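So the chains spell out like this:
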Amino acid sequence: MTPETNDKLSTQKSLIAMKQFSEQYARRTGTYFCAEPSVTAVVIEGLAKHKDDLGAPLCPCRHYEDKEAEVKNAFWNCPCVPMRERKECHCMLFLTTDNDFAGDQQEISLEEIEQVRSTL
C-alpha cells in the first residue's frame, strides 16, 4: 500500500477494537453479520476510521453535513439509537434473523477484513 492509501484506512488498533466490539455486540443482541462478509468488513473499517478521525465510531453509511456535530449528538454513534431501540441497523452490520440479508456469523476474521481493506 502506498502512504496515500494508508491515510484512507483506519489504524490497526482501531480496526481490532471495532472488530471486537462488533462481534461482542452481535452476540449480546442476538444479531448476525450480513451474509456477504465484505459488507461487514467495509462497515467495521468505516467505524474504525471514524474512531480514528473523530474519536467515536460514527455510522459510516450515512452522509453528514457536520461529522463532529453528529459525534457530539451521539444519535448515529455505533450502536446508533435505531439499533439500540429497535434493532434496525442501516449499515447491515447487525441483522436480525428475519432479515433476508442476515448470515449466520457473529464473527469475522481479521484476514477477511484485511482482504477487503486491500481493495479500498
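Quick caveat: nothing in here was measured; it's all calculated off a predicted structure. (Residues numbered from 1 in each chain as written. Predicted model: local features only at pLDDT ≥ 70, side-chain atom pairs only at ≥ 80, totals over all residues. Heavy atoms only, no water.)

Student: What is the right way to look at helix H6 (residues 110–117) in this model?
Tutor: Helical periodicity: at 3.6 residues per turn, an α-helix aligns residues three or four positions apart in one direction. Inspection of H6 places Ile113, Val116 and Arg117 among the buried residues, and these make up the whole buried set. The buried side chains of H6 occupy one side of the element, clustering within an arc of 105 degrees when seen end-on. H6 presents Glu111 and Gln115 as exposed residues on the side facing more than 90 degrees away from its buried surface. (Buried < 20%, exposed > 50% of the residue type's maximum accessible area, 1.4 Å probe, protein only. Helix = DSSP H or I, 4+ residues; strand = E, 2+ residues; numbered from the N terminus. Arc of directions from axis to C-beta.)

Student: I tried to follow the UniProt feature "site: Increases the nucleophilicity of the active site Cys" (unreviewed entry) in the protein chain on my own but got confused; where do I start?
Tutor: Listed under "site: Increases the nucleophilicity of the active site Cys" (unreviewed entry) in the UniProt record, and renumbered for this structure, are His90. Locating His90 in the fold gives a position in the loop between helix H5 (81–86) and H6. Among the residues examined, His90 registers a relative accessible area of 45% and is labelled partly exposed. Once you skip the residues sitting within four places of it in the chain, His90 turns out to touch Cys61 and Arg62. (UniProt positions renumbered as here; feature names shortened; annotations may be inferred. Contact = heavy atoms within 4.5 Å.)

Student: Even after reading the chapter, I still don't get empty space enclosed by the protein, so can you show me in this structure?
Tutor: Empty space left among the atoms is revealed by rolling a probe the size of a water molecule over them. All told, the structure shown has one cavity of 30 Å³ or more when counted by the stated rule. The space that makes up the largest cavity amounts to roughly 90 Å³. If you go around the largest cavity, you meet 13 residues; those closest to its centre are Cys59, Cys78, Cys80, Cys89 and Cys91. Across the lining of the largest cavity, the residue classes break down as twelve nonpolar, one polar and no charged. (1 Å grid on protein atoms, 1.4 Å probe; cavity = no way out; pocket = protein on both sides within 12 Å on 5 of 7 lines; lining within 4 Å. Points joined across faces, edges and corners; volume = space filled by probe spheres on them. Nonpolar A, V, L, I, M, F, W, Y, C, P; charged D, E, K, R; others polar.)

Student: Looking at this model, I keep getting lost on the packing of helix H3 (residues 37–54) against H6. Mind explaining?
Tutor: Packed helices, taken two at a time, are described by the angle their axes make and the gap between the axes. One way to put it is that H3 packs onto H6 with a least axis distance of 9 Å and a crossing angle of 80 degrees. By the angle class used here, H3 and H6 are roughly perpendicular. Contact residues: Pro37, Ser38, Ala41, Val42, Ile44 and Glu45 in H3; Glu112, Ile113, Val116 and Arg117 in H6. For the contact of H3 with H6, the class distribution of residues is six nonpolar, one polar and three charged. (Axes fitted to C-alpha atoms, helices over the stretch in contact; angles between N-to-C directions. Parallel < 35°, antiparallel > 145°, perpendicular 65-115°, else oblique.)

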